[in-house]
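These are the residues of each chain, in order.
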Amino acid sequence: MNFLEERIVKDGVVKAGNILKVDSFLNHQMDMRLFRQMGEEFKRRFADKPINKILTIEASGIGIACVAAECFDVPVVFAKKSQSVNIDGDVYVSEVESFTHKRVNRVIVSKKFLGPEDHILIIDDFLANGCALQGLISIVDQAGGTVEGIGIAIEKGFQPGGAKIREMGYPLESLAIVESMDDATGTVVFRPQP
Ligand code: G4P
Ligand code: NA
Ligand code: NA
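Reading guide: rules and limits
- Residues numbered from 1 in each chain as written.
- Chains lettered and ligands numbered in written order.
- Predicted model: local features only at pLDDT ≥ 70, side-chain atom pairs only at ≥ 80, totals over all residues.
- UniProt positions renumbered as here; feature names shortened; annotations may be inferred.
- Helix = DSSP H or I, 4+ residues; strand = E, 2+ residues; numbered from the N terminus.
- Buried ≥ 20, exposed ≤ 12 C-beta atoms within 10 Å, placed from the backbone.
- Contact = placed C-beta atoms within 7 Å.
- Near = placed C-beta within 6 Å.
- Nonpolar A, V, L, I, M, F, W, Y, C, P; charged D, E, K, R; others polar.
- Axes fitted to C-alpha atoms, helices over the stretch in contact; angles between N-to-C directions.
- Parallel < 35°, antiparallel > 145°, perpendicular 65-115°, else oblique.
- Left-handed = near helix turned anticlockwise from the far one by under 90°.
- Pairing = 2+ DSSP bridges.
- Core = buried A, V, L, I, M, F, W, Y, C linked by C-beta atoms within 7 Å.

Participant: Help me understand the UniProt feature "binding site: xanthine" (unreviewed entry) in the protein in this model?
Facilitator: UniProt records the feature "binding site: xanthine" (unreviewed entry) at Leu-20, Asn-27 and Lys-156, using the numbering of this structure. Secondary-structure assignment places Asn-27 in the loop between strand 2 (19–21) and helix 2 (32–45). Take Asn-27: there are 18 C-beta atoms within 10 Å of it, and that puts it in the partly exposed class. Residue contacts for Asn-27: discarding those within four places in its chain leaves Val-22, Ser-60 and Asp-125.

Participant: Quick question: what am I supposed to make of the site of ligand 1 here?
Facilitator: In the vicinity of ligand 1 lie 22 residues, with Ser-60, Phe-126, Asn-129, Cys-131 and Ala-132 positioned nearest. Within the residue set of the shell around ligand 1, elements represented by two or more residues are strand 2, strand 7 (119–127) and helix 4 (131–143). Its residues assigned to classes, the shell around ligand 1 comprises ten nonpolar, nine polar and three charged.

Participant: Is there a simple way to think about the packing of helix 2 against helix 3 (residues 61–72) in this case?
Facilitator: A pair of packed helices can be characterised by two numbers: the angle between their axes and the separation between those axes. In contact at an axis separation of 8 Å, helix 2 and helix 3 are set at 55° when each is read in the N-to-C sense. By the angle between their directions, the pair helix 2 and helix 3 is classed as oblique. In the crossing of helix 2 with helix 3, the sense of the turn from one axis to the other is right-handed. In contact with Phe-35, Arg-36, Met-38, Gly-39, Glu-40, Phe-42 and Lys-43 of helix 2, helix 3 contributes Gly-63, Ile-64, Val-67, Ala-68, Glu-70, Cys-71 and Phe-72.

Participant: Is there a simple way to think about the pairing of strand 5 (residues 91–98) in this case?
Facilitator: Working note: regular strand, side chains alternate between the two faces of the sheet. Sheet topology places strand 5 next to strand 6 (residues 103–110); eight bridges connect them, and they run antiparallel. Paired with Ser-98 across the strands is Arg-103, a residue of strand 6. From the end of strand 5 to the start of strand 6, which pair antiparallel, there are four residues, and Lys-102 there has a positive phi angle of about 55°.

Participant: Would you explain the sheet that holds strand 3 (residues 53–57) in this entry?
Facilitator: Across a sheet, paired strands are connected by hydrogen bonds in the backbone, their directions being either parallel or antiparallel. Spatially, 5-6-4-3-7-8-9-10 is the arrangement adopted by the eight strands of the open sheet, whose pairing is mixed. One side of each edge strand has no neighbouring strand; the edge strands of this open sheet are strand 5 and strand 10 (187–190). Within the sheet, the average angular offset between the axes of one strand and its neighbour, ignoring direction, is 30°. Relative to strand 10, strand 9 (residues 172–182) runs antiparallel, the two sharing four bridges. Bridge assignment links Met-181 to a residue of strand 10, and that residue is Val-188. Sheet contacts for helix 1 (residues 3–11): strand 8 (146–156), strand 9 and strand 10; angle to strand 9, the most-contacted strand, approximately 30°. Against the sheet, helix 3 touches strand 3, strand 4 (76–82), strand 7 and strand 8, its axis set at about 175° to strand 3.

Participant: Explain the nonpolar core to me, please; I cannot follow it from the model alone.
Facilitator: Nonpolar side chains in soluble globular proteins tend to be buried together. In terms of nonpolar packing, the biggest core is built from 50 residues, with Ala-79, Ile-122, Leu-136 and Ala-153 touching the most fellow members. Leu-136 has contacts with Leu-55, Ile-57, Ala-79 and Ile-122, leaving out every residue within four places of it along the chain.

Participant: Explain the UniProt feature "binding site: 5-phospho-alpha-D-ribose 1-diphosphate" (unreviewed entry) in the protein to me, please; I cannot follow it from the model alone.
Facilitator: In the numbering adopted here, UniProt assigns the feature "binding site: 5-phospho-alpha-D-ribose 1-diphosphate" (unreviewed entry) to Ala-128, Asn-129, Gly-130, Cys-131 and Ala-132. Among the structural elements, Ala-128 can be located in the loop between strand 7 and helix 4. What makes Ala-128 buried here is the crowd of 24 C-beta atoms within 10 Å. Apart from residues no more than four positions distant in its own chain, Ala-128 is found in contact with Lys-156, Gln-159 and Gly-161. Note on placement: Cys-131 falls in helix 4. Setting aside its immediate chain neighbours within four residues, Cys-131 contacts Val-96, Glu-97 and Ser-98.

Here it is, written out as structure tokens:
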């Protein structure tokens, strides 16, 4: 097991409905030493890519993306979830469906902060159905930029997002891929990684 898988086994809590709670170290209270390790691991996995900017989505992607951005020494931009009906022409927009919350979020990034010269690493905490990622990829496409890679902390391998994104040809690196979990026993099984 790698450092993140070990931490999930130690402090993650499996909830009914295939939900993994990691709020003691990842998306509520945040362990900065762990985040630093994740940032360095992303840097190692994407070492050959000409990344000049990191893109994430609010809220819980931001912390990990900030630490990763320090490791890459690049700026970080986060997409904002906006309920506003009136969107002006100064932003890229995409619709992101949330299965968990059963609603559609509009996600926006100002045109000032993404353009054709950008080589982007997308970072997020969870990958489940992949809707958030598809929205971020669409925003990079609208900007004419290049998605150089996608770095995820925890992928739920039994949901379809990861397979879809890999089929589209994007280099996707998830630090922990949960193959299955069981809330009765609290067991988490990971997909073996090289
Ligand atoms: P998708 O973007 O992969 O399609 O995700 P989905 O709609 O399935 O999930 C919606 C939200 O729930 C996402 O956060 C996602 O990170 C989170 N999520 C999905 N599965 C789990 C899980 O097992 N454990 C935890 N802790 N979170 C999970 P969000 O609402 O978009 O954003 P945020 O404000 O929480 O960052
Ligand atoms: Na989340
Ligand atoms: Na997230």
